[in-house]
Amino acid sequence: MAVLCHGYVLTRGELAPIAFSLWQQGFSCLLFDFRSHGKSKGGKCSFGFHERFDVLSALEWVKDRNPQARTVLIGSSMGSVASAMSWAENPELADALVLDSAYANLGKAVGGWWHFVGGKALAAFLWPAVGLGGLFLGFNPFSIHLSDWLERLKGRPVLFLHGTDDLVAPAAEAGKNLFALGSSCESVWFEGCGHSEGRWEQPDRYREALLRFLSANGFFESKGREIDGD
């Protein structure tokens, strides 16, 4: 079973191609819209912090229907942050995590997002507003360090995916996440790729890494067949 979690300003359709690829391998997949995204009109976006409760609800829904299901969380950007936080809070609800393009610090990621959409000038102009954003969010975005949550995931199966040219979550920042996960984490860097671009710019390498990770962690054993590489 795979629960797929989309990124900021996107919808459940973002990861539909990955879900289709997994479905071809015999996986059941759950895609959903985060609060204030797509068809989920309620709530307000918190860039992964409160969205972790949406992920927990999705995992509980899966477990209620199939308590024996082995479940992998696959997130992109905001979705990967929410997935990591939810698994850290309740380790019994999932069995593995794919962390694609996750930020290390929320406050810095907001500035990186502005750089991504409007360049350095826009990022510099809007930078003072990051602190004020805490009034809207109800917490200080600079206080959210994903590494604090990833420390709890050390030793668990995690696949770390990241582009070397990511402006939202720069490689130096993302390295803090990788360090927090420890040596047991498998990492794949996509050379020359920006934020969440690895699966689009290098789809074969992304798919190969994903299926290898799932196979290595026993997700295909119960299916009684080998991975279909076609």
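Residues numbered from 1 in each chain as written. Predicted model: local features only at pLDDT ≥ 70, side-chain atom pairs only at ≥ 80, totals over all residues. Heavy atoms only, no water.

Some remarks on the pairing of strand β4 (residues 96-100)
The condition is simple: Burial status follows relative accessibility: with a 1.4 Å probe on protein chains alone, a residue under 20% of its type maximum counts as buried, one over 50% as exposed, and anything between as partly exposed. Helix and strand assignments come from DSSP, with helices taken as H or I runs of at least 4 residues and strands as E runs of at least 2, each series counted from the N terminus. DSSP-based pairing: two strands are paired if at least 2 bridges between them are found.
Summarising burial for β4: 5 of the 5 residues are buried, a large majority. Side-chain alternation along β4 places A96, V98 and D100 on one buried face and L97 and L99 on a second face that is also buried. Bridge count for strand β3 (residues 72-76) against β4 is 5 bridges, and the pairing is parallel. Following the sheet pairing, L73 is matched in β4 by L97. Of the pairings in the sheet, the one linking β4 to strand β5 (residues 158-163) comprises 4 bridges and is parallel in character. Bridge pairing links D100 to L161 in β5.

Here we look at the packing of aromatic side chains
Which entries qualify depends on this criterion: Centres within 6.5 Å are what make two rings of Phe, Tyr or Trp a pair, Trp counting through its six-membered ring; a difference in plane orientation under 30 degrees is then read as stacked, over 60 as edge-to-face, and the rest as tilted. Only Lys NZ and Arg CZ are tested; either one counts as a charge over a ring when it is within 6 Å of the ring centre and within 35 degrees of the ring normal.
Taken as a whole and assessed by the stated rule, the structure comprises 7 aromatic pairs. Connected via pairs of aromatic rings, a cluster forms that spans F27, F219 and F220. When the ring centre of F49 is taken as origin, the NZ or CZ atom of R52, which lies over that ring, is 4.5 Å away. Geometry around W149 places R152 over its ring, the cationic atom sitting 4.7 Å from the centre.

Notes on the nonpolar core
Taken as a class, soluble globular proteins show a tendency for nonpolar side chains to be buried jointly. Test applied: Definition used in this section: a nonpolar core is a set of buried Ala, Val, Leu, Ile, Met, Phe, Trp, Tyr and Cys residues joined via side-chain atoms within 4.5 Å. Pairs of residues are marked as contacts when any of their non-hydrogen atoms sit within 4.5 Å.
Counting residues in each nonpolar core, the largest one holds 46 residues, and the members touching the most others are V3, L73 and L99. The leading source of residues in this core is helix α3 (residues 78-89), at 7 residues. Ignoring sequence-local partners within four residues, the contact set of V3 consists of L30, F32, A58, L59, V62, T71, V72, L73 and I74. With 24 residues, the next largest nonpolar core counts L15, A96, V188 and F219 among its residues.

Side note on the sheet that holds β3
Applied cut-off: Between N-to-C directions, angles cover 0 to 180 degrees, with each direction set by a line fitted to C-alpha atoms, over the stretch in contact for helices.
Here we have 6 strands laid out as an open sheet, ordered β2-β1-β3-β4-β5-β6, and parallel in their pairing. Of all strands in the sheet, those bounded by a partner on one side alone are β2 (29-31) and β6 (186-190). This sheet shows a mean twist of 15 degrees between the axes of neighbouring strands, independent of strand direction. Contacting β4, β5 and β6, helix α7 (residues 171-181) runs over the sheet at an angle of about 170 degrees to β5.

Overview of the environment of D148
Within the secondary structure, D148 is located in helix α6 (residues 146-150). Given a relative accessible area of 48%, D148 falls into the partly exposed group. Each C-alpha atom of the pair D148 and N177 lies 8.9 Å from the other, and the pair is 29 residues apart in sequence.

Considerations on the packing of helix α1 (residues 16-24) against helix α9 (residues 203-216)
For clarity, the cut-off: Orientation labels follow simple angle bins: below 35 degrees gives roughly parallel, above 145 gives roughly antiparallel, 65 to 115 gives roughly perpendicular, and whatever is left gives oblique. Helix crossings fall into two classes, left-handed where the near helix is turned counterclockwise from the far one by less than a right angle and right-handed where it is turned clockwise. Following the grouping adopted for this structure description, the nonpolar residues are Ala, Val, Leu, Ile, Met, Phe, Trp, Tyr, Cys and Pro, the charged ones are Asp, Glu, Lys and Arg, and the polar ones are all others, Gly among them.
Two elements in contact, α1 and α9, have axes whose closest approach is 12 Å; the angle formed by their N-to-C orientations is 50 degrees. Accordingly, the angle class assigned to the pair α1 and α9 is oblique. Between α1 and α9 lies a crossing of right-handed hand. Packed against α1, whose contacting residues are I18, S21 and L22, the element α9 presents Y206, R207, L210, L211 and L214 at the interface. Tallied by class, the residues present in the contact of α1 with α9 amount to 6 nonpolar, 1 polar and 1 charged.

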